[in-house]
Amino acid sequence: MKKIIVEKLKYRYPMTGKLALDNLSFTVEQGELIGIIGANGAGKSTLCLALTGLVPHFYRGAYGGKVVIDGLEVIKSEISELALHVGIVFQNPFTQVTGSKLTVYEEIAFGLENMGLDRSEMTARIDEALHLLDISQLKDRDPFQLSGGQMQRMAIASVIAMKPGILVLDEPTSQLDPQGSDEVFKAVRRLAKEGMTVIIAEHKIEKIAAYADRVLVLYNGRLIDFDTPHKIFSRTDLLSYGVPAPVYTQICQALGIQHPRSGTYPVTLEEAYLAMVNQHGDSLC
Amino acid sequence: MKTVKSMSLYVPGNSIIHRLEPITKLIYVMVAGVLPFILPANPTAVLCLAVTLAMLTISKTLTKVIPLTGFTLLVLLSILFIQGLFHEHNQTFLFRFGPFVFFKEGLSYAARISLRVINLLLGISLLSLTTKPSDLIDSLVRRGLSPKIGYVLSSVLQIIPQMAASVNAITDAQRARGLETEGPLIVRAKAFLPLIGPVIMSSLIQARERAMALEVRGFNANRRKTFLRAANQSSRQTTIRILLILILFAAIVWRIFA
Ligand SMILES: Nc1ncnc2c1ncn2[C@@H]1O[C@H](COP(=O)(O)OP(=O)(O)O)[C@@H](O)[C@H]1O
Ligand SMILES: [Mg+2]
């Protein structure tokens, strides 16, 4: 089932001359985990906003083409209606704290109260989200007293608890240490397995390589490529679009270590190791 | 950003008073505050005060009242002093204190005002010391207050301390770069102008982002809102409320016909 359909999407922010999104077309299936990569200013955040309807409902500007999520055409739907289908977590966790709740637990409940869920459903979902993001121990803390990383996890939990069919994350791990980032990726991987469609704009290439089903490359607002991590990171011209391949891929490229059948290069440490053993098994032992 | 104090006066606890529904407490404060204006002032105020003090004691918040009311007590003391000396109907000599001569009329007038004010003040203290602001606002929203107004009320309590903290952070940054942020008022005023620019800018940007974040969490969803916190709708709460309102009603009737 096509969960997201983007057709010839163009968008320009008010009072700017340049297209932030330039003629994008692609589709996403339910349950896919999609990584969006690209240099600073490539349009990753803008695409995230367009997928949730905040562009153009909130930002205005010049908009063309079409975005359909869950069968709803974004431009013809209210944000409050879209909110039940697609959730978004922004880069800055601080501005996502509602500021009206005294504890993390109540903060996560905010969206659920607005959805009109009954109490038992609410507490079940909150506990589940707390557990999934590994922040159960923070549930009674004041949201404003959390560290950046803790706040970010709370922001993710707050949106996940609403169980949107589509989850959009804009650099969700920018405040997290490597271990914290890994946990967030594991959590969304699990959600995708359960059927949630997940879109992540992310700088941490190694994480995208390890977790994404497909990777979308943006450059100057244009879609350069949209394919499996292996295909994307095996492109030799990737760096000219401002994105480096994962170090493991770079090493394998330098050593000429490929997957024998597909001709692509390994993108994670495990793959690189296995490929090396296969190719140089004797000499490694 | 860390160690920001909340503006709430709430003292966590689990006493009977804490567990009363916020609206019940709100009704009590209003009834107790209004009664001395309807019934004979002094005895009524003393009675209400006694009840409020008893509840403060039960909820173990009595000691927290003093810093809250200190300033007002000082003002009331000076009213007692001035009225005792200079009230226009002063006639009956009461006592002499050094060069000051106190009269009965002025003192009793001031005492009447003071009792009413203290009564109201302690009532409000009781409410704010034993009730989470968010619970009170929740209850009001449940009773029909617009969720948007409720949000504004509760976020103001949290976000003002946040803004104060960001002013502090920027002051520190500017001090580190050599801007005068201490000393005479005029110097500080000059330093303040470049300071408010960044604060306002960052607040505006944050406000926009926060508005989006609220929006995608269904703040404007056209659904019947529910509440995480269970309403304490026991029949006892209802009885207390009805009783309070009956007392008020009886007082008004008495006032009209007596
Ligand atoms: N609020 C805005 N107003 C005007 N232009 C913006 C705004 N936000 C981003 N842009 C511009 O849109 C382009 C894409 O930005 P963005 O989506 O933030 O990129 P990324 O997230 O990939 O770094 C950039 O040229 C940026 O300057
Ligand atoms: Mg961005």
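Please read all numbers here as calculations on a predicted model, not as lab measurements.

Caption draft 1: Molecular detail of the overall build of chain B. Within chain B, the secondary structure is distributed over nine helices and two strands. For chain B, the succession of helices and strands along the chain, N to C, is α-α-α-α-β-β-α-α-α-α-α. Scaling as 2.2 N^0.38, a compact globule of 258 residues should have a C-alpha radius of gyration of about 18 Å, whereas chain B reaches 24 Å, well beyond that. With respect to the three principal axes, the spread of C-alpha positions in chain B is 65 × 55 × 30 Å. In chain B, which comprises 258 residues, the proportion classed as buried is 36%. Counting contacts in chain B only where the partners sit at least 6 residues apart, residues at least 24 apart contribute 70% of the total. For chain B, the accessible surface area stands at approximately 15200 Å², while carbon and sulfur atoms represent 71% of it. For chain B, the distance from the average site of its 28 positive side-chain charges to the average site of its 10 negative ones is 8 Å.

Caption draft 2: A look at the overall build of chain A. Helix and strand counts for chain A come out as 11 helices and 10 strands. Whereas a compact globule of 285 residues would reach a radius of gyration of roughly 19 Å, chain A reaches 20 Å, a difference of no more than 12%. Projected onto the principal axes, the alpha-carbon positions of chain A cover approximately 60 × 45 × 35 Å. Within the span of chain A, comprising 285 residues, buried residues form 55% of the whole. Of all intrachain contacts in chain A linking residues separated by at least 6 positions in sequence, the fraction that spans at least 24 positions is 61%. Each charge class in chain A can be summarised by its mean position, and for the 28 positive and 33 negative side chains these summaries are 5 Å apart.

Caption draft 3: Main features of the pairing of strand 10 (residues 222–227) of chain A. All names here are of chain A. By the bridge criterion, five bridges tie strand 9 (residues 214–219) to strand 10 in an arrangement that is antiparallel. Bridge pairing in strand 10 places Leu 216 opposite Phe 226. Taken together, strand 9 and the strand that follows it, strand 10, pair antiparallel across an intervening segment of two residues, in which Asn 220 is found at a positive phi of about 50°.

Caption draft 4: Here's a closer look at the nonpolar core. Ranked by internal contacts, the top residues of the largest apolar core, which has 59 residues, are Ile 37 and Phe 233 of chain A. When residues in this core are grouped by element, the largest group, seven residues, is from helix 6 (residues 148–160) of chain A. Residue contributions to this core reach at least three from each of two domains, namely domain 1 (1–85 + 165–243) and domain 2 (99–163) of chain A. With sequence-adjacent residues up to four places away left out, Ile 37 of chain A is seen in contact with Lys 44, Glu 202, Ile 205, Ile 208, Val 215, Leu 216, Val 217, Leu 218, Ile 232, Phe 233 and Val 243 of chain A. The next biggest cluster of nonpolar side chains, apart from the first, holds 39 residues, and it includes Tyr 11, Leu 51 and Tyr 63 of chain A together with Val 216 of chain B.

Caption draft 5: The packing of aromatic side chains, seen in detail. Summed over the entire model, instances satisfying the criterion amount to 14 aromatic pairs over all chains. When the centroid spacing of 6.5 Å and the interplanar angle of 65° are considered together, the rings of Phe 110 of chain A and Tyr 151 of chain B count as edge-to-face. One end of the pair, Phe 110 of chain A, is in helix 4 (residues 104–115); the other, Tyr 151 of chain B, is in helix 7 (residues 147–176), on a second chain. Tyr 151 of chain B carries the same exposure label as Phe 110 of chain A, and that label is buried.

Caption draft 6: Layout of the layout of surface pockets. When its volume is computed, the largest pocket comes out at roughly 580 Å³. In terms of lining residues, the largest pocket is bounded by 28 residues, among which Glu 113 of chain A together with Val 141, Pro 147, Lys 225 and Phe 227 of chain B are the most central. Those elements giving two or more residues to the lining of the largest pocket turn out to be helix 4 of chain A together with helix 6 (133–142) and helix 7 of chain B. Tallied by class, residues from the lining of the largest pocket come to nine nonpolar, eight polar and 11 charged. Its volume calculated, the second largest pocket comes out at about 460 Å³. In terms of lining residues, the second largest pocket is bounded by 20 residues, among which Ile 159, Ser 203, Gln 206, Ala 207 and Arg 210 of chain B are the most central. If you list the elements that add at least two residues to the lining of the second largest pocket, you get helix 7 and helix 8 (185–216) of chain B.

Caption draft 7: Focus on the UniProt feature "transmembrane region" (unreviewed entry) in chain B. All names here are of chain B. Cross-referencing UniProt, the feature "transmembrane region" (unreviewed entry) maps to residues 26–53, 65–86 and 238–257 in the present numbering. A distance of 16 Å separates the end C-alpha atoms of residues 26–53, which is 93% helix and 0% strand. Secondary structure content for residues 65–86 is 100% helix and 0% strand, while the C-alpha to C-alpha distance between its ends is 31 Å.

Caption draft 8: Representation of the sheet that holds strand 7 (residues 166–170) of chain A. All names here are of chain A. What the six strands build is an open sheet, ordered 6-7-8-3-9-10; its pairing is mixed. The open sheet has two edge strands, strand 6 (86–89) and strand 10, and neither has a second partner. Between one strand axis and the next, the sheet turns by 15° as a mean value, whatever way the strands run. As judged from the four bridges shared by strand 3 (residues 33–37) and strand 8 (residues 197–201), these two strands associate in the parallel manner. Counterpart to Leu 33 in the pairing with strand 8 is Val 198. Lying on the sheet, helix 6 is in contact with strand 6 and strand 7; it crosses strand 6 at an angle near 175°. In this fold helix 7 (residues 178–193) packs onto strand 3, strand 7 and strand 8, with an angle of close to 150° to the strand it touches most, strand 8.

Rules and cut-offs
- Residues numbered from 1 in each chain as written.
- Chains lettered and ligands numbered in written order.
- Predicted model: local features only at pLDDT ≥ 70, side-chain atom pairs only at ≥ 80, totals over all residues.
- Heavy atoms only, no water.
- Helix = DSSP H or I, 4+ residues; strand = E, 2+ residues; numbered from the N terminus.
- Rg over C-alpha atoms; globule rule 2.2 N^0.38 Å.
- Buried < 20%, exposed > 50% of the residue type's maximum accessible area, 1.4 Å probe, protein only.
- Contact = heavy atoms within 4.5 Å.
- Areas by Shrake-Rupley, 256 points an atom, 1.4 Å probe, with all protein chains shown as cover.
- Lys, Arg positive; Asp, Glu negative; His and termini not counted.
- Charge placed at Lys NZ, Arg CZ, Asp CG, Glu CD.
- Pairing = 2+ DSSP bridges.
- Core = buried A, V, L, I, M, F, W, Y, C linked by side-chain atoms within 4.5 Å.
- Domains from an automatic or database assignment.
- Phe/Tyr/Trp six-rings, centres within 6.5 Å; stacked < 30°, edge-to-face > 60°.
- 1 Å grid on protein atoms, 1.4 Å probe; cavity = no way out; pocket = protein on both sides within 12 Å on 5 of 7 lines; lining within 4 Å.
- Points joined across faces, edges and corners; volume = space filled by probe spheres on them.
- Nonpolar A, V, L, I, M, F, W, Y, C, P; charged D, E, K, R; others polar.
- UniProt positions renumbered as here; feature names shortened; annotations may be inferred.
- Axes fitted to C-alpha atoms, helices over the stretch in contact; angles between N-to-C directions.

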